[in-house]
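# Breakdown of the fold
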Amino acid sequence: MIFAAIQVEERMKVYQLISSLLASSVLATPALAQSGDWTGPYAGVYTDVAYDELGVEDFGCWTACTKPTVQGTAIKAGASAGYDVQIEDTLVFGLVADLGTGSRRKLIEGDAIGVHGNGTFTFESDVELEASIRARAGLAQGDTLIYITGGMAFARGRFNAEGSGVPTYWVNHSSDFNASWSGTVTGPTFGGGIEHQLGPASVRFEVLHKRFAPVSACFANVGTPNPGECWQDNYAMIPPQVNYTYSVTNLRLGINYRF
């Protein structure tokens, strides 16, 4: 009996030691974001089904009088990061930034789109990167957040309207010409979405619309004479230039890890 009592006592000591080690290891483990708690930083990746459109306005009808659009859908992808603050139980405010891929499109038309004779007319949109910096505000119901968002969007790329083999009837105008613009366009973005926490991770679905400010490019000869120089026409009220307007609508699915 005495021996059995000693064995039981030794086992209890072992159990106590194991319990103490487990408790110490749990206390020493860094705390992850708890489910239902929206305060803190996060980072993640996303994929888009995006519809983008480039509007082309040619004032002098050198390539088009119909204001054509270069448009279509594309699968895009990127990464995002942000920080949220939860106030009381339901209000959540935050900032988020994202950076992702763009798309490339081309529209080739025959001479029906122009008014200056035969030729081939090409309109291009080649966007390398798209990004945004946005605020967001929402209502949390436990693990689920419904929010609206808005801010500033950026896109870097090149827009081009080009004529090939077109008789222009103007001195110093070649039959091959273009109006090319490249750089970064900016504009507002707004939308909304829903996000749901799954432990330290979260899944979100959102809709965003971006409409960038118009940019302009003048027509210039591709070949001689005076390649690259802006045309000088006699139409004082109709400059030989093109206005480009770019817009994007994103249907976005993303996964975040909340720290």
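Going by the structure above, here's the rest.
Predicted, not measured: the structure shown is a model, and the values here were computed from it.

For a regular strand, side chains alternate in direction, first toward one face of the sheet and then toward the other. Only one face of strand 9 (residues 215–218) is covered, namely the face carrying Val 215 and Ala 217; the face carrying Ser 216 and Cys 218 is uncovered. Bridging between strand 9 and strand 11 (residues 241–258) involves four bridges; their strand directions are antiparallel. Bridging across to strand 11, Val 215 finds its partner in Tyr 244.

Applying the stated rule across the entire model yields 19 salt bridges. Put simply, Arg 156 and Glu 128 hold a salt bridge, and the shortest N to O gap is 3.2 Å. Placement of the pair is Arg 156 in strand 6 (residues 144–164) and Glu 128 in strand 5 (residues 120–141), with a sequence separation of 28 residues. You can call Glu 128 partly exposed: its relative accessible area is 47%. Taking the shortest distance from any N to any O, the salt bridge between Glu 206 and Arg 134 comes out at 3.7 Å. Highlighted residues: Glu 206 in strand 8 (residues 201–211) and Arg 134 in strand 5, separated in sequence by 72 residues.

So, on to the packing of aromatic side chains. Considering all chains together, one arrives at 10 aromatic pairs under this definition. Geometrically, the ring pair formed by Trp 62 and Trp 231 is edge-to-face, given 5.1 Å between the ring centres and 80° between the ring planes. You can see Trp 62 sitting in the loop between strand 1 (40–58) and strand 2 (69–87) and its partner Trp 231 sitting in the loop between strand 10 (220–221) and strand 11, a full 169 residues away along the chain. Like Trp 231, Trp 62 is buried. With 5.6 Å between their ring centres and 15° between their planes, Phe 159 and Trp 181 make a pair best called stacked. Pair noted here: Phe 159 is in strand 6 and Trp 181 is in strand 7 (residues 177–198), with a separation of 22 residues, a long-range link. Comparing Phe 159 with Trp 181, the two get one shared label, buried.

Criteria and thresholds
- Within each chain, residue numbers correspond to sequence positions counted from 1 in written order.
- In keeping with the predicted nature of the model, local features appear solely for residues at pLDDT of at least 70, side-chain atom pairs appear and are counted solely at 80 or more, and the whole-chain, interface and lining totals rest on all residues.
- To get the side-chain values, take all heavy atoms of the structure and skip hydrogens and water.
- The cut-offs for exposure are 20% and 50% of the maximum accessible area for each residue type, with area from a 1.4 Å probe on protein chains only; residues under the lower value are buried, those over the upper are exposed, and the others partly exposed.
- Under the scheme used here, helices are H or I runs from DSSP no shorter than 4 residues and strands are E runs no shorter than 2 residues, and both carry numbers assigned from the N terminus.
- DSSP calls a pair of strands paired once it identifies at least 2 bridges connecting them.
- The term salt bridge refers to a pairing of a side-chain nitrogen on Lys or Arg with a carboxyl oxygen on Asp or Glu at a separation within 4 Å.
- Two rings belonging to Phe, Tyr or Trp (six-membered ring only in the last case) form a pair when the distance between their centres is within 6.5 Å. Interplanar angles under 30 degrees mark stacking, angles over 60 mark edge-to-face geometry, and anything in between is tilted.

By themselves, these are just geometric observations and shouldn't be taken as functional.
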